[in-house]
Amino acid sequence: EMNEMLEQRVKLRTQELELLRAAVAKTNDMLILTEAPADDPLNAKIVYVNHAFEKETGFKASEVIGQNPSFLHGPKTNKKVLSRIEKSILAKQALHEEFINYRKNGEAYWVELDMVPFRHEEEDKVYWVGVNRNISERKEQEQEMQALLQEKVVLLQEIHHRVKNNLAVITGLLELETYNHDNTVGGG
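Fair warning: this is a prediction, and the values are worked out from it, not measured in the lab.

**Things to note about the pattern of salt bridges**
Part 1 of the reasoning: Counted according to the given criterion, the structure contains 16 salt bridges.
Part 2 of the reasoning: Glu-18 is the salt-bridge partner of Arg-21, the closest N and O atoms lying 2.8 Å from each other. Taken together, the positions of Arg-21 and Glu-18, both in helix 1 (residues 2-26) and 3 residues apart, correspond to about one turn of that helix.
Part 3 of the reasoning: One salt bridge connects Lys-125 with Glu-35, and the closest N-O pair in it is separated by 3.4 Å. Of this pair, Lys-125 sits in strand 5 (residues 125-134) while Glu-35 sits in strand 1 (residues 30-37), placing them 90 residues apart in sequence.
Part 4 of the reasoning: Residue Lys-125 is classed as partly exposed on the basis of its relative accessible area, which comes to 30%.

Below, the structure is given as structure tokens:
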């Protein structure tokens, strides 16, 4: 009977793991799992990427396993953001950042990254799970909105300038009219 209970627990645990594995593999967000020596957390190596990562970046899992995720960075990747990520990794703190990564074909895309560290009790390693979401479309919309806002600011400045000029002309005409009126009345 004890054997039967143990087998049932193992079966349930196996089903849970298979369900979790399927959920992680099928999610739309890119998942990256890295491991690093506890005393050298910046020396992280990728140990797992899901299908969404492969689809979005163009890299196969076999091409990236064992690499540091920094290979995804490039010329437009914000150095200040990378510095903040490095500080969070050294402090073993969760982080949330937005920055530019690059696909295998060299194409840039915006990514929103949430990264959380965890440790395995029996190993002297730090693991990080990174959830990456492509936010390029949102960033394009933000840039369009910023451009529209800038256009409106320029338009308002132009309107303000014209109104000010028109008021100056009207003021000048009124002063001239007053002057002419005073001179006609006073001088006549």
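Here the narrative resumes.
**Here's the deal with helix 4 (residues 79-90)**
Part 1 of the reasoning: With 12 residues, helix 4 should cover 16 Å at 1.5 Å per step; its first-to-last C-alpha distance of 16 Å lies within 8% of that length.
Part 2 of the reasoning: Every buried residue of helix 4 is listed here: Val-81, Leu-82, Ile-85, Ser-88 and Ile-89. The arc enclosing the buried residues of helix 4, seen along the axis, measures out at 120°, which places them on a common side. Helix 4 presents Lys-79, Lys-80 and Lys-87 as exposed residues on the side facing more than 90 degrees away from its buried surface.
Part 3 of the reasoning: The inward-facing, buried residues of helix 4 contact strand 3 (95-102), strand 4 (108-119) and strand 5.
Part 4 of the reasoning: Measuring from the side-chain oxygen of the N-cap residue of helix 4 to the backbone nitrogen of Lys-80 gives 2.7 Å; that N-cap residue is Asn-78.

**Considerations on the packing of aromatic side chains**
Part 1 of the reasoning: Following the criterion strictly, the structure yields 2 aromatic pairs and no others.
Part 2 of the reasoning: A centroid spacing of 5.0 Å and a plane angle of 90° characterise the contact between Phe-59 and Phe-71, whose relative ring orientation is edge-to-face. Taken together, the residues span a long stretch of sequence, with Phe-59 in the loop between helix 2 (51-57) and helix 3 (61-64) and Phe-71 in the loop between helix 3 and helix 4 at a distance of 12 residues.
Part 3 of the reasoning: For Phe-59, a relative accessible area of 14% corresponds to the buried category.
Part 4 of the reasoning: Taking the centre distance of 5.6 Å and the plane angle of 15° together, the rings of Phe-118 and Tyr-127 count as stacked.

**Quick notes on a nonpolar patch on the surface**
Part 1 of the reasoning: Where nonpolar side chains cluster on the molecular surface, the patch consists of Leu-155, Leu-156, Ile-159, Val-163, Leu-167, Ile-170 and Leu-174 and spans about 680 Å² of accessible area.
Part 2 of the reasoning: Looking at the secondary structure, you find Ile-170 in helix 5 (residues 136-187).

Cut-offs used in this document
Residues numbered from 1 in each chain as written. Predicted model: local features only at pLDDT ≥ 70, side-chain atom pairs only at ≥ 80, totals over all residues. Heavy atoms only, no water. Salt bridge = Lys/Arg side-chain N within 4 Å of Asp/Glu carboxyl O. Helix = DSSP H or I, 4+ residues; strand = E, 2+ residues; numbered from the N terminus. Buried < 20%, exposed > 50% of the residue type's maximum accessible area, 1.4 Å probe, protein only. Expected span 1.5 Å × (residues − 1). Arc of directions from axis to C-beta. Contact = heavy atoms within 4.5 Å. Polar contact = N/O pair within 3.5 Å; in protein donor to acceptor, adjacent residues only side chain to side chain. Phe/Tyr/Trp six-rings, centres within 6.5 Å; stacked < 30°, edge-to-face > 60°. Patch = residues over 30% accessible without salt bridge, like charges linked within 9 Å, V, L, I, M, F, W, Y side chains within 5 Å. Areas by Shrake-Rupley, 256 points an atom, 1.4 Å probe, with all protein chains shown as cover.

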